[in-house]
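Chain by chain, the residues run as shown.
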Amino acid sequence: MGSSCNHDCSSCSTGCAEKPKSLIEPCNKYSNVKKLIGVISGKGGVGKSLITSYTTVLMNRMGYKTAILDADITGPSIPKTFGIHEKALGNEQGILPAVTKNGTKLMSVNLLLESEAMPVLWRGPVIVGAVKQFWTDVVWEDVDYMFVDMPPGTGDVPLTVFQSLPLDGIIIVTSPQELVSMIVEKAVNMAKAMNVPIIGLVENYSYLECENCGEKISVFGESHVEEVAAKYGLKVLGKVPINPNIAKAVDNGAIEDLQGDWLDDMASYLKENYVPRESKTKKVDIKKVKIAVPCDEDNNVDQHYNKAKKVCICELEDNKLVARTIIELEDGQDITTELVFNKITTLICGGISQEAMAELFDAGIKVIPGTTGDVDVAISSLAE
């Protein structure tokens, strides 16, 4: 394989001895996501999460089933924007997303933390593992449009999303400053290098409209988005103004009540050019997994991971239960160490701390938190 390889085997005529293996992760087997669109920005503070949220609201108003995967692990803001504060739950099928009042499904690390204000002190590999798990282990069910709110920049998480999720395209968010436009070009070049289609650009903080005369004032200077779009042959999807109603809706968790025509053209463009169809990701069955469930004396899922005295370990092959054992934990015995030693692939649990969840992600163990009820019921559905 030559140094000029772009890793896109579908359009390559070179007869490589060994073609690179696809890194695309399968979606949760109980889910069918028809259109997957990433929203990125070259830097923070340009309103990427706002654009993600309001675009989702517009597609939802058109009657589509919508969802948001919040991949901004260290700066999750999507739940607050929609007024969601409860914790995510789980069942035998996986992690259950939160649902907004108008039916949009959300998954964010803030739905898993003990406190919304708790900082996420995780290193890159753990963060990347969490993003992948939001795709593979969350029970999204049927979704027409899912939007992925990525962290700013061109680091580990955007790279992981580009490589691991079957994106149909990305929307790049910018603001009028010339410096930001330069950074946008980096995002454009990254997407092109990764062979991810660019749907277009959205400019936030584009102007301030005078309430009295209607004049549009360029608070941050003249826009450069048209120049960048022309340079790369891209479409400008919309320009969002500085508007106190927008800030009020976001602060109050009422983004679904916001009214404005700023992104109507973009919503229509997505509807016409990115028509929902069956997902490119094939549904896959579990081949061979080892599931651990901390349990109490009544064989229910223990709601306190670090205080569990027993762990039920089940082995599944081709979705059939082939072995079941109970491990008694002695005082002072670390449950995470025991799971790693037993080569557990999936943990079904009740409550779990951020630190323990990070350790498990780092060890490559998938976590399904918020599960209640009988252990055997939780496990049996995975073996169906």
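Cut-offs used in this document
- Residues numbered from 1 in each chain as written.
- Predicted model: local features only at pLDDT ≥ 70, side-chain atom pairs only at ≥ 80, totals over all residues.
- Heavy atoms only, no water.
- Polar contact = N/O pair within 3.5 Å; in protein donor to acceptor, adjacent residues only side chain to side chain.
- Helix = DSSP H or I, 4+ residues; strand = E, 2+ residues; numbered from the N terminus.
- Axes fitted to C-alpha atoms, helices over the stretch in contact; angles between N-to-C directions.
- Parallel < 35°, antiparallel > 145°, perpendicular 65-115°, else oblique.
- Left-handed = near helix turned anticlockwise from the far one by under 90°.
- Contact = heavy atoms within 4.5 Å.
- Nonpolar A, V, L, I, M, F, W, Y, C, P; charged D, E, K, R; others polar.
- Core = buried A, V, L, I, M, F, W, Y, C linked by side-chain atoms within 4.5 Å.
- Buried < 20%, exposed > 50% of the residue type's maximum accessible area, 1.4 Å probe, protein only.
- Patch = residues over 30% accessible without salt bridge, like charges linked within 9 Å, V, L, I, M, F, W, Y side chains within 5 Å.
- Areas by Shrake-Rupley, 256 points an atom, 1.4 Å probe, with all protein chains shown as cover.
- Salt bridge = Lys/Arg side-chain N within 4 Å of Asp/Glu carboxyl O.
- Lys, Arg positive; Asp, Glu negative; His and termini not counted.
- Charge placed at Lys NZ, Arg CZ, Asp CG, Glu CD.
- Phe/Tyr/Trp six-rings, centres within 6.5 Å; stacked < 30°, edge-to-face > 60°.

Caption draft 1: Structural view of helix 7 (residues 244-251). Looking at where helix 7 begins, the residue whose side-chain oxygen comes 2.7 Å from the main-chain nitrogen of Asn245 is Asn243. Gly253 lies just past helix 7 and shows a positive phi near 65 degrees.

Caption draft 2: The packing of helix 1 (residues 48-61) against helix 8 (residues 264-273), seen in detail. Where helix 1 contacts helix 8, the two axes come as close as 10 Å, and the packing angle between them is 60 degrees. Taken as axis vectors, helix 1 and helix 8 run oblique relative to one another. When the axes of helix 1 and helix 8 are compared, the crossing they make is right-handed. Seen from helix 1, the contacting residues are Thr55, Leu58 and Met59; seen from helix 8, they are Asp264, Met266, Ala267, Leu270 and Lys271. Among the residues forming the contact of helix 1 with helix 8, the class breakdown is 5 nonpolar, 1 polar and 2 charged.

Caption draft 3: Structural detail: the nonpolar core. In terms of nonpolar packing, the biggest core is built from 117 residues, with Trp122, Trp140, Ile170, Leu339 and Leu347 touching the most fellow members. Setting aside residues no more than four positions away along its own chain, Trp122 makes contact with Ile73, Val109, Ile127, Ala130, Gln354, Met357, Ala358 and Phe361.

Caption draft 4: Expanded view of the side chain of Thr52. Following the sequence through the fold, Thr52 ends up in helix 1. In terms of polar contacts, Thr52 uses its side chain to reach the side chain of Asp149, at 3.4 Å. Ignoring sequence-local partners within four residues, the contact set of Thr52 consists of Val39, Ile68, Phe147 and Asp149.

Caption draft 5: Up close: a negative patch on the surface. On the surface, a cluster of negative charge is made up of Glu114, Asp334, Glu355, Glu359 and Asp362. Take Glu359: it is sitting in helix 10 (residues 354-362).

Caption draft 6: Looking closely at unusual backbone geometry. Even without being a glycine, Glu141 presents a positive backbone phi close to 60 degrees. With respect to the element layout, Glu141 can be found in the loop between helix 3 (124-136) and strand 7 (142-149). Owing to a relative accessible area of 45%, Glu141 belongs among the partly exposed residues under this scheme. You will see that Lys343, though not glycine, has its phi angle at about 55 degrees, which is positive. Take Lys343: it is sitting in the loop between helix 9 (335-341) and strand 16 (346-348).

Caption draft 7: The arrangement of the packing of aromatic side chains in detail. Counting across every chain of the model gives 4 aromatic pairs. Measuring from centroid to centroid gives 5.0 Å for Tyr64 and Tyr145, while their planes differ by 80 degrees, and the two rings are edge-to-face. Residue Tyr64 is found in the loop between helix 1 and strand 2 (66-70), and its partner Tyr145 is found in strand 7; the two are separated by 81 residues along the sequence. Judged by relative accessible area, which is 18%, Tyr64 ranks as buried. Judged by relative accessible area, which is 0%, Tyr145 ranks as buried. Residues Tyr269 and Tyr274 carry aromatic rings whose centres are separated by 6.5 Å and whose planes lie at 55 degrees to one another, so their mutual orientation is tilted. Taking the relative accessible area as the measure of exposure, Tyr274 reaches 13% and is therefore buried. Grouped by ring-pair contacts, the aromatic residues Tyr64, Tyr145 and Phe147 constitute a single cluster.

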